[in-house]
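# Observations on chain architecture
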Amino acid sequence: MNILLIGSGGREHALAWKIDQSPLVDVVHSTPGNPGMDVIGPCFDVAADDIDNLVKLTLQVEPDLVVIGPEAPLALGLADILRARGFDVFGPSRLAAQLESSKSFSKARMMAYGVPTAAYGEFTTPALAKSFLRTMEAPFVLKADGLAAGKGVVIAETLEQADAEVDDMLSGKFGDASATLIIEEFMHGEEASIFVITDGHGAVYLPAAQDHKRVGDGDTGPNTGGMGAYAPAPVVTQAVMDRIKSEIVQPMLKGMAKDGMPYQGVLYVGVMVTGDGPKVVEFNARFGDPECQVLMKGLAGDIVPAILAAATGGLDGNEDAFESLFELERFDPTATVVLASEGYPGSYARGSVINGLAEANNMPGVTVFHAGTDRDSEGAIVAAGGRVLNVTASGASLEEAISRAYAGVDRIDWPEGFCRRDIGWRALKRS
Ligand code: AMP
Ligand code: GLY
């Protein structure tokens, strides 16, 4: 079977790496890919949001399955267009992907289906937003409705800051994406990332993961796309997972299907485990990055049968068979450390040379996934983005996985990069 994978980040490198190991798969084509992916299979130069050319490329490659990595093409309806052309696609329709692309849509669906989440209000005018703020307690959570490259959520400590943020967002801080503003209750607890592979009816669950969104050690500094992750995450006990399934995922999938928007692909449930049980922070229409790297690396079994079944409607009624592929006995504890360019998530330089990748990749349990890398004219790997590499390692325990990942990091010679040194601290603190 031939695959066409869309995207170019660490998430997509990990997907390509895992999919390529399946005995069902002959070739993994990627677009646009990265220097880690073009050694797995051919890469094309069509960008992940260039819908017209992605359709042309798909007609040319004629893959048996299209796997869409990032949110932008999903929000633009690529899955619908390709399905209408007869292709099997792993990724939700434009309507279903609104669970990520519109927070207002997502909140309304949660309310309609009785799914636990933070209480909220939705505003398009500053005066109403500010009077609503005065009914809430600090800290104040303000969210742009639309996609804002992971920067659309602001947590304001004071009313003054919150008022200023209301004015900024509603006067176009994120363009159309912040023309509508969500203000919601602050939820206390520990976060986890849950990934559900679904054909819109049947669902299988990967082990729970935990991301590290803040740039600095001890969860300090600004939010990023994610500085590291690990799985399994012990905050999600079996009892918590059972509640996530029955109180969140099942009602969402059932409701979306009933309302004519069956959700097909991977549903990312950002959960806050509160004293009151699990509540939804957000949904995303794709795998998390860097959570995906950890899940693909740790999974002993083949991922392809499940994603193929999600794309073709073969999951419903067969969940037990797929679930056994993903059970914890068949998952090695895994951690990933993101190496980022000095300055990220602010501005940073490009073009510095990275050495020692092959040596790191050969260390016990370690796989280095590429994200923002490029090749210079001499073929050397250089930094070309904010998050540049994901040093990922499995071990017999999470402790071993983390120490292997940092041994890999220390083998890489890239003075212009940095990483967090405390990935996995919440899990280590528990044990
Ligand atoms: P989101 O993009 O909605 O996931 O928000 C980004 C981050 O902001 C989340 O990962 C949380 O750490 C935090 N956050 C968002 N909403 C809330 C909330 N209602 N209560 C507490 N923290 C939140
Ligand atoms: N790691 C968080 C995300 O992918 O949105």
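A brief report on the enclosed structure follows. All of these numbers come straight from a predicted model, not from anything done at the bench.

Criteria and cut-off values
Residues numbered from 1 in each chain as written. Chains lettered and ligands numbered in written order. Predicted model: local features only at pLDDT ≥ 70, side-chain atom pairs only at ≥ 80, totals over all residues. Heavy atoms only, no water. Near = heavy atom within 4 Å. Polar contact = N/O pair within 3.5 Å; in protein donor to acceptor, adjacent residues only side chain to side chain. Areas by Shrake-Rupley, 256 points an atom, 1.4 Å probe, with all protein chains shown as cover. Nonpolar A, V, L, I, M, F, W, Y, C, P; charged D, E, K, R; others polar. Axes fitted to C-alpha atoms, helices over the stretch in contact; angles between N-to-C directions. Helix = DSSP H or I, 4+ residues; strand = E, 2+ residues; numbered from the N terminus. Parallel < 35°, antiparallel > 145°, perpendicular 65-115°, else oblique. Contact = heavy atoms within 4.5 Å. Pairing = 2+ DSSP bridges. 1 Å grid on protein atoms, 1.4 Å probe; cavity = no way out; pocket = protein on both sides within 12 Å on 5 of 7 lines; lining within 4 Å. Points joined across faces, edges and corners; volume = space filled by probe spheres on them.

### A word on the site of ligand 2
Taken together, the neighbourhood of ligand 2 is formed by Asp211, Lys213, Gly225, Tyr268, Asn284, Arg286, Gly288, Asp289, Pro290 and Glu291. A distance of 2.8 Å is found between a nitrogen atom of ligand 2 and a side-chain nitrogen or oxygen belonging to Asp211. With respect to ligand 2, the side chain of Arg286 contributes an N or O atom lying 2.9 Å from an oxygen atom. Taken by itself ligand 2 offers 200 Å² of open surface, and the protein chains cover 88% of this. Across the shell around ligand 2, the residue classes tally to two nonpolar, three polar and five charged.

### With respect to the packing of helix 5 (residues 94-101) against helix 6 (residues 103-113)
As a packed pair, helix 5 and helix 6 sit with axes 6 Å apart at the nearest point and diverge in direction by 100 degrees. Put simply, helix 5 runs roughly perpendicular to helix 6. On the side of helix 5, the interface is formed by Leu95, Gln98, Leu99 and Ser101, while helix 6 contributes Lys103, Phe105, Ser106 and Arg109. Its residues placed into classes, the contact of helix 5 with helix 6 shows three nonpolar, three polar and two charged.

### Quick look at the site of ligand 1
Lining the immediate environment of ligand 1, one finds 15 residues, of which Glu184, Met187, Glu191, Lys213 and Glu282 sit closest. Between ligand 1 and Lys143 there is a distance of 3.0 Å, counted from a nitrogen atom to a side-chain nitrogen or oxygen. Those elements that provide at least two residues to the shell around ligand 1 are strand 6 (140-144), strand 7 (153-156) and strand 16 (277-284). When grouped by side-chain class, the residues that make up the shell around ligand 1 number eight nonpolar, no polar and seven charged.

### Some remarks on the sheet that holds strand 2 (residues 27-32)
Overall, parallel pairing links the four strands, which are arranged 2-1-3-4 in an open sheet. Each of the sheet's edge strands pairs with one partner strand only, and the pair in question is strand 2 and strand 4 (89-90). Its contacts with the sheet put helix 1 (residues 10-20) on strand 1 (2-7), strand 2 and strand 3 (65-68), and the angle it makes with strand 1 is roughly 170 degrees.

### Structural notes on empty space enclosed by the protein
Rolled over the atoms, a probe as big as a water molecule pinpoints where empty space is left. In total, this model carries two cavities of 30 Å³ or more according to the counting rule given. Its boundaries defined by the atoms lining it, the largest cavity holds a volume of some 80 Å³. Broken down by secondary-structure element, the contributors of at least two residues to the lining of the largest cavity are helix 6, strand 8 (181-184) and strand 16. Class assignment for the residues of the lining of the largest cavity results in five nonpolar, one polar and five charged. Of the pockets and cavities examined, the second largest cavity occupies roughly 50 Å³. Around the second largest cavity, the lining residues are Leu15, Val67, Ile68, Gly69, Leu74, Phe90, Gly91, Pro92, Val266, Ala285, Arg286 and Phe287. Here the residues of the lining of the second largest cavity sort into nine nonpolar, two polar and one charged.

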